[in-house]
Amino acid sequence: MTVSGTVTEEDGIPLPGVSILVKGTTRGSVTDFDGRYALDASKGETLVFTYIGFQEHSAVIKNATIDVEMKESLVDLDEVVVIGYGAVKKKEVTGAVATVDSEEIESILTPDLGTALQGQVAGVNIVSSSEPGADSEILIRGITSLSGDNTPLFVVDGIIQDGDPRIPPSDIESLTVLKDAASTAIYGVRGATGVILITTKQGKPGTLEVSLNGSYAVQHRSAAVPLMNSVEQTYFDVVQSRNVNGSFDDQVSLQVLQQTNQFQNETNLNDLIFNNNVPTQNYNINIAGGTEDITYNVALGLFDQEGLQINSGFNRFNVRANTVYEKNKLRIQTSLAMNKEQREIPQQMLLSQSIVYRPTQNGINLDSFDDLSQGGDDVNRLGWVIESLRTTNVLKTNRSNASLNLSYKLFDGLTLTSNLGLTSINEYGKIISPYQEIYNNQTPPRLQSQPEDSYIENRARTTTNILTEFGATYEKTIADDHNVTFTLFGTGEKNQSEAFTGRRNGATNPEGEVINSATGTQSATSGFDYTTTRIGIMGRVQYNYKGKYILSSSIRRDGSSKFPGFNHWGTFPSIALAWNVSDEEFWNKNVVNNLRLRASQGTVGVDRIPDYQFAAGIVQDVNYAAANGSLKLGATQQDFVNRVLQWESTVQRNVGIDMGFLQNKITLSAEYYHADKTDMLFPVFIPPSAGGGNNASVILNVGNMTNSGAELAIGYRGKIGKVNFRMNGTFATNQNEITKINGGTDFLLTNDFGLVGRAPQQSRVTALAVGHEVASFFLWRTDGIIDTEEKLAEYQKIDNNARMGDTRFIDQNGDGVLDVNDRVYSGSGMPDYEIGYTFNANWKSFDFSMNWYAALGQEIMNGFDAWAYGFGRHKDLIYQWSENNPNSPIPAYRDDMRRHQNYLGYSDLWLEDGSYLRLRQVSLGYSIPKKTVERWGFNRLRFYVRSQNPLTITKYSGYNPEVGGGIAARGLDKNTGPISSSYMFGINFNF
């Protein structure tokens with residue numbers, strides 16, 4: 001018989017898109033735009049009605065018409081949440097766990113998962129990269145490790161990954177973030193920095209479903225750093241000559257006078273180094289279906305983005321095939337995935353080099369480099385810029401992944417499980433820095449550039465990760481009320497990586513793109529090859545009584561090859577408790593229908609350091625002086641090691657509360673945590689006098705640190721007339737403090753490689769200091785400039801060479817000397833507060849969404865201003881102090897920062913408030929009515945327009961307030977590119 005009817009909400013509004021399935025079969029239907037459905041079924045069979053946001057409804061067929069009224073289920077506490085090595089009902093979660101579904105993940109057009117998550121999970125700090133295809137920086141609950149690698153552990157469909165698996169957001173069905181140590185301790189040393197569990201899209205029983213999604217976007221960049229034009233630059237040169245030499249204007253010797261035709265130039269490299277209105281394209285196809293025994297899902301994707309900077313871009317092709325076979329006691333899940341990527345990486349100092357190029361210098365034509373000559377210091381600037389513009393750096397990566405999950409129910413309650421994973425990553429990079437003749441047009445002219453400085457370099461790295469896990473889970477219910485689950489797993493992981501580099505100088509052939517086309521010296525070197533092995537065994541017990549009182553406790557013992565033999569092993573316990581107060585008989589659910597209290601404590605270890613830091617290597621091909629004075633070929637140790645290297649450990653405590661109001665119309669989840677970290681691992685830099693050369697370092701257990709913070713997530717769903725809407729907000733704060741530094745010191749400068757690349761020693765900014773957060777800014781503070789004779793006389797007690805118009809640095813300790821002891825704490829690049837807000841609404845066939853994100857309280861060191869002022873190019877330098885402008889607050893420019901301290905890189909001249917509020921995306925969509933598209937033979941057809949990053953509110957004067965830099969250089973704006981605002985059109989098409 002044909003069964004038909006109408007499905008409505010509680011207020012009688014028809015519900016389109018409700019899935020109806022005949023229970024126990026693959027026969028089904030979907031309601032149309034008016035909520036109507038029809039399907040063939042037999043009397044006595046059961047229809048199951050399901051729709052997102054509503055309670056599942058079942059109806060036994062008694063006649064040919066069945067009308068259904070669906071009840072809202074804004075938050076389903078019986079929803080299953082994935083946790084480490086298992087899954088539990090949402091009401092049985094004991095730790096700090098957050099979930100994000102595919103709709104939220106795909107709301108941002110990006111190839112990077114981290115960027116898509118920004119602002120959507122409280123306590124997860126994400127800084128997106130301005131370079132196409134580059135990874136974002138992800139911190140879960142602040143800085144976990146000082147060693148530089150704070151990337152969380154990714155687990156894809158139960159398989160542990162090595163690093164970021166770079167899964168396209170379009171492949172993800174749902175994502176779970178484990179934040180507290182009690183939840184992550186199950187992964188031992190691998191879970192120290194937090195865990196992100198990814199479930200990829202799987203097939204469902206039923207007919208074949210095909211979905212096509214495509215979008216085309218145009219990117220637009222923000223304004224650049226304000227620089228002087230030719231007239232202003234020439235005036236600046238005159239004022240500088242006055243300030244340095246005391247010369248009269250008619251006595252000034254200007255470099256531009258040697259080539260007077262350069263007065264006609266008005267060169268602005270921003271028009272050359274930046275692209276504008278460049279496209280981003282994203283296309284995905286998903287094919288899914290199956291039977292009751294076997295389901296499949298195949299996804300293909302293409303992402304192509306041109307970069308805003310010259311010689312930058314990203315392209316990726318990806319394919320993933322998931323299959324699940326489940327029958328009787330056996331379940332087999334397999335996954336095969338392949339990503340093929342190509343990144344064009346811009347030169348690191350391209351933006352900075354363009355700043356120092358003067359407007360009076362000749363313009364550059366990228367299509368013609370036949371006649372390049374300039375004089376004086378201009379020729380050096382020309383050489384820097386030409387190298388940055390012409391050098392290309394292309395990295396090709398092929399990533400393949402295969403996984404197998406086997407589970408067999410041996411008898412009632414006992415399930416045996418095996419997880420096997422293989423990941424292979426092959427990287428091939430090529431750098432071409434071609435030779436360009438550049439002449440210094442002195443008399444007589446001479447060749448400035450050298451062929452040996454040009455080169456072609458090929459580099460390759462292959463990495464293989466193998467994971468094996470075997471375990472068992474036993475579930476038992478005792479006397480109907482006591483539920484116990486025991487889990488036992490053993491894991492083994494091996495990660496091998498090998499690399500080499502081949503290089504040849506003398507890339508004088510303009511058409512040459514292979515090493516053999518170069519003619520100079522050549523070299524072949526191995527990279528840092530390593531093998532990392534980890535072995536672990538874990539056990540966990542979970543208990544609940546009537547779902548009200550819940551206990552989860554685990555212990556894991558891990559061995560890591562990154563530590564010496566006597567320190568190979570570490571033990572990591574955890575315990576967590578939860579109480580569903582609202583399930584008690586005394587609780588009145590009229591207003592607060594759900595209340596759960598949670599508390600946990602866990603211990604995790606950290607091994608996020610390079611391999612072999614406890615064992616010294618011998619370097620071959622090192623010359624040494626023999627007794628007779630001749631050079632001999634030998635070998636020596638060049639690296640420092642720590643033979644007593646030991647585990648870094650973290651003990652974290654967490655308390656939380658979950659609440660639901662008005663039948664979960666309003667939801668709230670709050671957390672407070674405190675973590676004590678001991679024996680932190682950190683690369684301590686050794687002075688060259690110790691024999692290690694420049695930037696020599698050794699990994700030491702440097703001290704202790706604490707992390708504490710609060711998190712809040714609020715959700716609200718409602719309806720105004722026929723408009724359904726939902727909104728979610730997140731808030732997080734994190735306080736980080738170093739409590740101890742070993743070795744009798746309270747202060748250590750990090751090697752942040754300097755704010756200004758050409759003056760690293762004059763611009764080291766960050767330090768580890770007791771009582772402050774990691775990598776805080778420690779700066780010389782300024783007190784205006786010397787603009788009176790009294791100030792000059794006073795300041796010359798500190799600096800005999802001081803002159804009128806110089807910067808006044810504060811002698812903090814009053815010892816009459818300006819040195820490292822006069823650096824003072826000046827904030828850091830870590831935000832004090834983070835806020836996220838998401839809003840979604842539907843009205844008839846229209847849908848609307850927007851995402852906001854704010855980071856508040858962080859500081860930024862503006863490296864681009866440091867370059868522009870420190871090398872005599874910023875527009876405001878025309879207002880610098882001089883005898884004719886004695887009231888100016890801008891210090892006199894006497895020379896670049898390498899030779900004069902007025903614009904020193906580690907001063908507070910470059911310190912700015914980095915807080916910002918950003919509209920991350922706003923979109924409007926329209927779906928063609930169901931009746932219409934079904935007549936066309938489709939299931940869904942939706943069009944949408946979207947804008948990403950259209951609005952950023954900030955006081956920061958640089959390109960982009962979203963500044964990363966790892967741990968040591970967090971907040972140092974060296975190479976952060978402009979904000980990319982994009983405007984796109986997209987289509988979703990299902991049949």
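Residues numbered from 1 in each chain as written. Predicted model: local features only at pLDDT ≥ 70, side-chain atom pairs only at ≥ 80, totals over all residues. Heavy atoms only, no water.

## Structural notes on the overall build of the chain
Okay, step 1: Secondary structure summary: the chain contains 10 helices and 55 strands in total.
Okay, step 2: Here the chain has a C-alpha radius of gyration of 32 Å; the compact-globule value for 991 residues is 30 Å, and the two agree.
Okay, step 3: Taken across its 991 residues, the chain has 52% of its residues classed as buried.
Okay, step 4: Residue pairs in contact within the chain that sit at least 24 positions apart in sequence constitute 69% of those at least 6 positions apart.
Okay, step 5: Carbon and sulfur atoms form 52% of the exposed surface of the chain, whose accessible area is close to 43200 Å². (Helix = DSSP H or I, 4+ residues; strand = E, 2+ residues; numbered from the N terminus. Rg over C-alpha atoms; globule rule 2.2 N^0.38 Å. Buried < 20%, exposed > 50% of the residue type's maximum accessible area, 1.4 Å probe, protein only. Contact = heavy atoms within 4.5 Å. Areas by Shrake-Rupley, 256 points an atom, 1.4 Å probe, with all protein chains shown as cover.)

## Some words on the environment of Asn590
Okay, step 1: Following the sequence through the fold, Asn590 ends up in the loop between β32 (569-580) and β33 (592-606).
Okay, step 2: Once the C-alpha coordinates of Asn590 and Phe661 are considered, the two residues, 71 residues apart in sequence, prove to be 8.3 Å apart.

## Regarding unusual backbone geometry
Leave glycine aside and you will find that most residues have negative phi; peptide bonds, for their part, are mostly trans.
Okay, step 1: Notably, Asn328 is not glycine yet its phi reads approximately 55 degrees, a positive angle.
Okay, step 2: Secondary-structure assignment places Asn328 in the loop between β20 (313-327) and β21 (330-344).
Okay, step 3: Of the residues examined, Asn328 reaches a relative accessible area of 76% and is grouped as exposed.
Okay, step 4: In the Ramachandran plot, Gln663 falls in the positive-phi region, its phi being about 55 degrees despite a non-glycine side chain.
Okay, step 5: Tracing the backbone through its elements, the reader meets Gln663 in the loop between β36 (648-661) and β37 (666-678).

## Things to note about the confidence of the model for the chain
Low-pLDDT stretches of the model should not have their predicted coordinates read in fine detail.
Okay, step 1: Looking at the chain as a whole, its pLDDT mean stands at 90, while 97% of the residues score no less than 70.
Okay, step 2: The least confident element of the chain is strand β38 (residues 681-685), whose mean pLDDT is 77; the most confident is strand β51 (residues 911-913), at 97. (pLDDT = per-residue confidence, 0-100.)

## A closer look at the sheet that holds strand β42 (residues 747-749)
Okay, step 1: Spatial ordering of the open sheet is given by β42-β43-β44-β47, a layout of four strands whose pairing is antiparallel. Because the sheet does not close on itself, it has two edges, and the strands there are β42 and β47 (824-825).
Okay, step 2: Pairing of strand β44 (residues 776-779) with β47 involves two bridges; the strand directions are antiparallel. Bridge pairing in β47 places Phe778 opposite Tyr825. (Pairing = 2+ DSSP bridges.)

## Focus: the pattern of salt bridges
Okay, step 1: Enumeration according to the criterion identifies 41 salt bridges in this entry.
Okay, step 2: Its salt-bridge partner being Arg899, residue Asp896 comes within 2.4 Å of it at the nearest N-O pair.
Okay, step 3: Taking the relative accessible area as the measure of exposure, Asp896 reaches 6% and is therefore buried.
Okay, step 4: Connected through salt bridges with shared partners, the residues Asp135, Arg166, Arg316 and Glu341 form a single ionic network. (Salt bridge = Lys/Arg side-chain N within 4 Å of Asp/Glu carboxyl O.)

## Comments concerning empty space enclosed by the protein
Okay, step 1: All told, the structure shown has 10 cavities of 30 Å³ or more when counted by the stated rule.
Okay, step 2: Of the pockets and cavities examined, the largest cavity occupies roughly 610 Å³.
Okay, step 3: Around the largest cavity sit 35 residues that line it, and Thr115, Ser129, Gln305, Asn949 and Ser980 are the ones nearest its centre.
Okay, step 4: Every element with two or more residues in the lining of the largest cavity is listed here: β17 (206-221), β19 (294-306), β52 (916-927), β53 (940-954) and β55 (980-990).
Okay, step 5: Of the residues assigned to the lining of the largest cavity, the class counts are 11 nonpolar, 19 polar and five charged. (1 Å grid on protein atoms, 1.4 Å probe; cavity = no way out; pocket = protein on both sides within 12 Å on 5 of 7 lines; lining within 4 Å. Points joined across faces, edges and corners; volume = space filled by probe spheres on them. Nonpolar A, V, L, I, M, F, W, Y, C, P; charged D, E, K, R; others polar.)

## A closer look at the packing of aromatic side chains
Okay, step 1: Evaluation of the coordinates by the stated rule reveals 31 aromatic pairs.
Okay, step 2: Look at Tyr869 and Tyr903: their rings are 5.6 Å apart centre to centre, the planes differ by 20 degrees, and that puts the pair in the stacked class. With Tyr869 in helix α9 (residues 863-870) and Tyr903 in the loop between α9 and β51, the pair connects residues that are 34 residues apart, well separated along the chain. An identical accessibility class is assigned to Tyr869 and Tyr903; each is buried.
Okay, step 3: Here the aromatic rings of Phe938 and Phe989 are separated by 4.5 Å at their centres, their planes lie at 85 degrees, and the arrangement is edge-to-face. In this pair, Phe938 sits in the loop between α10 (930-935) and β53 while Phe989 sits in strand β55, placing the two residues 51 residues apart along the sequence.
Okay, step 4: Residue Phe938 is classed as partly exposed on the basis of its relative accessible area, which comes to 23%.
Okay, step 5: By relative accessible area, which is 18% here, Phe989 ends up buried.
Okay, step 6: Taken together, the ring pairs in this structure connect Phe236, Tyr869, Tyr893, Tyr903 and Trp910 into an aromatic cluster. (Phe/Tyr/Trp six-rings, centres within 6.5 Å; stacked < 30°, edge-to-face > 60°.)

## A few points about a nonpolar patch on the surface
Okay, step 1: Taken together, the side chains of Trp843, Phe846, Leu924, Tyr926, Val945 and Phe985 make up a nonpolar region of the molecular surface, amounting to roughly 550 Å² of accessible area.
Okay, step 2: Here Leu924 lies in strand β52.
Okay, step 3: Given a relative accessible area of 43%, Leu924 falls into the partly exposed group. (Patch = residues over 30% accessible without salt bridge, like charges linked within 9 Å, V, L, I, M, F, W, Y side chains within 5 Å.)

## Examining the domain arrangement of the chain
Okay, step 1: Split into domains, the chain comes out as domain 1 (2-69) and domain 2 (782-828).
Okay, step 2: For domain 1 versus domain 2, the separation of C-alpha centres amounts to 79 Å. (Domains from an automatic or database assignment.)

## Here's the deal with the pairing of strand β15 (residues 172-178)
Okay, step 1: The buried fraction of β15 is high, at five of seven residues.
Okay, step 2: Two elements, strand β10 (residues 97-101) and β15, share five bridges in a ladder whose sense is antiparallel. The residue of β15 that forms the bridge with Thr99 is Thr176.
Okay, step 3: As paired elements, β15 and strand β16 (residues 195-200) share six bridges and run antiparallel to each other. In the strand pairing of β16, Ile172 is matched with Thr200.

## Re the nonpolar core
Okay, step 1: Formed by 47 residues in total, the largest nonpolar core has its most connected members in Ile364, Leu389, Leu755, Val756, Met861 and Leu877.
Okay, step 2: Secondary structure elements with two or more residues in this core: α5 (270-273), α6 (350-356), α7 (378-390), β44 and α9.
Okay, step 3: Per-element accounting of this core gives the leading share, six residues, to α7.
Okay, step 4: In this structure Ile364 touches Leu269, Leu272, Tyr357, Phe369, Leu382, Val385, Ile386 and Leu389, once residues within four positions along its chain are discounted. (Core = buried A, V, L, I, M, F, W, Y, C linked by side-chain atoms within 4.5 Å.)

## Let's talk about helix α4 (residues 230-245)
Okay, step 1: Relative to the 22 Å expected for 16 residues at 1.5 Å per residue, α4 spans 22 Å between its end C-alpha atoms, a close match to the ideal helical length.
Okay, step 2: Taken residue by residue, α4 has Ser230, Glu232, Gln233, Thr234, Phe236, Asp237, Val238, Val239, Gln240, Ser241, Arg242 and Asn243 as its buried positions.
Okay, step 3: At the C-terminal side of α4, Gly246 shows a positive phi close to 70 degrees. (Expected span 1.5 Å × (residues − 1).)

## Here we look at α9
A turn of α-helix holds 3.6 residues, and therefore any two residues three or four places apart point the same way.
Okay, step 1: Of all eight residues in α9, eight are buried, a share of seventy percent or more.
Okay, step 2: Within the span of α9, buried status applies to Gly863, Phe864, Asp865, Ala866, Trp867, Ala868, Tyr869 and Gly870.
Okay, step 3: Each element contacted by the buried residues of α9 is listed here: α6, β50 (859-862), β51 and β54 (972-973).
Okay, step 4: Of the residues that open α9, the one with a side-chain oxygen 3.2 Å from the backbone nitrogen of Phe864 is Asn862.
Okay, step 5: Gly872 sits one or two residues past α9 and shows a positive phi near 70 degrees. (Polar contact = N/O pair within 3.5 Å; in protein donor to acceptor, adjacent residues only side chain to side chain.)

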